[in-house]
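# Breakdown of the fold
Each chain, letter by letter, is given below.
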Amino acid sequence: MRYRYDGVLHEIESPPARLASAITSRIKIMSRLDIAERRLPQDGRIRLAVRGQDVDFRVSTIPSLHGETVVLRVLDRNAVVFDYDRLGLPPEIIRRMEAAFELPNGIVLVTGPTGSGKTTTLYTGLLRLNSVARKIVTIEDPIEYQLTGINQIQVKPQIQLTFANLLRSILRQDPDVIMVGEIRDLETAQIAAQAALTGHLVLSTLHTNSAAASITRLRDMGLEDYLLTAVLRGALAQRLVRRLCTACRRPQAAPPELVDRFDLHQRNNGVPGGAPITLWHAVGCPQCRNTGYRGRQAIAEFLVPDPEIERLVFAHADHPQIERTAVAAGMVTMFDSGLAAALAGTTTIEEVVRSIRAEA
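So, here is what we can say about the structure in this document.

Rules used throughout
- Residues numbered from 1 in each chain as written.
- Predicted model: local features only at pLDDT ≥ 70, side-chain atom pairs only at ≥ 80, totals over all residues.
- Heavy atoms only, no water.
- Helix = DSSP H or I, 4+ residues; strand = E, 2+ residues; numbered from the N terminus.
- Polar contact = N/O pair within 3.5 Å; in protein donor to acceptor, adjacent residues only side chain to side chain.
- Contact = heavy atoms within 4.5 Å.
- Salt bridge = Lys/Arg side-chain N within 4 Å of Asp/Glu carboxyl O.
- Buried < 20%, exposed > 50% of the residue type's maximum accessible area, 1.4 Å probe, protein only.
- Core = buried A, V, L, I, M, F, W, Y, C linked by side-chain atoms within 4.5 Å.
- Pairing = 2+ DSSP bridges.
- Axes fitted to C-alpha atoms, helices over the stretch in contact; angles between N-to-C directions.
- 1 Å grid on protein atoms, 1.4 Å probe; cavity = no way out; pocket = protein on both sides within 12 Å on 5 of 7 lines; lining within 4 Å.
- Points joined across faces, edges and corners; volume = space filled by probe spheres on them.
- Nonpolar A, V, L, I, M, F, W, Y, C, P; charged D, E, K, R; others polar.
- Phe/Tyr/Trp six-rings, centres within 6.5 Å; stacked < 30°, edge-to-face > 60°.

## Concerning the side chain of K28
- For K28, the location among the structural elements is in helix α1 (residues 20-30).
- A distance of 2.9 Å separates polar atoms of two side chains, one belonging to K28 and the other to E68.
- Not counting chain neighbours up to four residues away, the residues in contact with K28 comprise L33, D34, I35, E37, R38, Q42, T61 and E68.

Given below as structure tokens:
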């Protein structure tokens, strides 16, 4: 048995192997799954009252070599705060995000791998937009949190209730803002683009490694260049890094090799060129389960298409070229955002490199 604390797995003492099937069956019963079916994957949900608060557990089972593997994902609605500042996003990115979300039409994308906080960022934006004057509809798979005043729809592919089919029907409901859980195929991308062209603001996610790569991903799906440039208003790429525990973190002068490798003197604007640079390191204490980290924050980059980037899209440029052009126009890359957080003492360079897997 292993627990994932702040995105990193930690092993705990496991129960005896003879109890494995009994524990698995009990979890299946609680999540209303078929306890007799052990050959196919199953998904379910458990809702429990823990310390007087309702907590949801998303349950997933898959068959493996030595029996079934069961994963429980904890969704505690009371522990999640939909606020940009709590997410840890820099003020400049928050300003650009809010400006994009206030536009009357277009597509705004949030990209990153699974578990990088994309849905939380979109929910935060939706709650800022939520008012009596706006009709907001979401298509999700699954609906993770219920938002008051917003129409949320669960995808059910087994009855042909897909993203594309739902998106077509939603347009007849006269919404102002549409959130599509994920753009997975060309059909969904085309309908989302048409919805943006006809006066709707569409928010969605993609699985790409950078903001610039979202442009090439949509193009590779088959979305026409003229549609892409006409509707894309911005792309946010983000990762989650662990926050240093403020109770036990330790300051230490950065080694000269590390300073040179990441060019920290140029990035650390508040410190004179010759002054030593201080970085903070994880130690571990009872408050952070001896991990040195407590909680997570987002590091991100936000790309706003300009005429030069539109020209590159029509020229079928690759995403590194688009990224270089965006940086020249003022975009701060995700890696630079992470290094800024490390210099500010909220995380470590090791954590930034682990999260982004950057080669430097």
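This is not the end of the story, as more comes after the structure.
## Things to note about the pattern of salt bridges
- Summed over the entire model, instances satisfying the criterion amount to 16 salt bridges.
- One salt bridge connects E144 with R73, and the closest N-O pair in it is separated by 3.4 Å. You can see E144 sitting in the loop between β7 (136-140) and β8 (151-154) and its partner R73 sitting in strand β5 (residues 67-75), a full 71 residues away along the chain.
- For the salt bridge of R95 with E92, the shortest nitrogen-to-oxygen distance reads 2.5 Å. Of this pair, R95 and E92 both sit in helix α3 (residues 91-101), three residues apart, roughly one helical turn.

## Some remarks on unusual backbone geometry
- The residue after D141, namely P142, is reached through a cis peptide bond having omega 0°.
- Turning to its location among the elements, P142 is positioned in the loop between β7 and β8.
- For R51, which is not glycine, the phi torsion reads 55° and is therefore positive.
- Mapping R51 onto the fold places it in the loop between β3 (42-50) and β4 (53-64).
- R51 gets classed as exposed once you look at its relative accessible area, which sits at 84%.
- The phi torsion at H316 lies on the positive side, around 60°, for a residue other than glycine.

## Details of the nonpolar core
- Of all hydrophobic cores here, the largest spans 57 residues; its most connected members are L109, I215, L218, L303, I322 and I349.
- Considering every element that reaches this core, the biggest residue donor is helix α6 (residues 186-197), with six residues.
- The contact partners of I349, leaving out residues within four places of it in the chain, are L258, F262, L264, L279, L339 and A342.
- I94, A100, L240 and A300 belong to the second-largest nonpolar core, a separate cluster that totals 28 residues.

## Here we look at the pairing of strand β11 (residues 232-244)
- Taking burial as the measure, the 13 residues of β11 include 11 buried ones, the bulk of the element.
- One ladder, built from nine bridges, connects β11 with strand β14 (residues 293-303); its direction is antiparallel. Bridge pairing links Q238 to A300 in β14.

## A few points about the sheet that holds strand β10 (residues 201-206)
- An order of β8-β7-β9-β10-β6-β11-β14 is seen for the seven strands of this open sheet, with the pairing classed as mixed. Edge strands, defined here as strands with exactly one partner in the open sheet, are β8 and β14. Strand-to-strand twist of the sheet, defined as the mean angle between neighbouring strand axes without regard to direction, takes the value 20°.

## A word on empty space enclosed by the protein
- Under the defined criterion, the tally for this structure stands at two cavities of 30 Å³ or more.
- The space that makes up the largest cavity amounts to roughly 50 Å³.
- Every residue lining the largest cavity is listed: I215, L228, T229, L232, P305, I309, E310 and V313.
- Going through the elements one at a time, α8 (225-231) and α11 (307-314) are the ones with two or more residues in the lining of the largest cavity.
- At three residues, α11 tops the list of elements feeding residues into the lining of the largest cavity.
- A class-by-class count of the residues in the lining of the largest cavity yields six nonpolar, one polar and one charged.
- Here the second largest cavity defines a volume of roughly 40 Å³.

## A word on the environment of L33
- By the secondary structure assignment, L33 is in the loop between α1 and β3.
- You can call L33 buried: its relative accessible area is 14%.
- It is 9.4 Å that separates the C-alpha atoms of L33 and V59, two residues lying 26 residues apart in sequence.
- When residues no more than four places from it in sequence are discounted, the contact partners of L33 are K28, Q42, D43, G44, V59 and T61.

## Digging into the sheet that holds β5
- Spatially, three strands are ordered β3-β4-β5 in an open sheet, and the strand pairing comes out antiparallel. A strand with exactly one partner marks an edge of an open sheet, and here the two such strands are β3 and β5. For this sheet, the mean inter-axis angle between neighbouring strands, taken without regard to orientation, is 25°.
- Both β4 and β5 contribute to a ladder of nine bridges, which runs antiparallel. The residue bridging I62 from the neighbouring strand is T69, located in β5.

## Some points on the packing of aromatic side chains
- Evaluated as defined, the whole model comprises five aromatic pairs.
- Between F262 and F335, the aromatic rings sit 5.8 Å apart at their centres with planes inclined by 50°, giving tilted as the arrangement. Here F262 is found in helix α9 (residues 256-262), whereas its partner F335 is found in helix α13 (residues 334-343), with 73 residues between them in sequence. The residues F262 and F335 share a single accessibility class, namely buried.

Shape descriptors only; they carry no functional weight alone.
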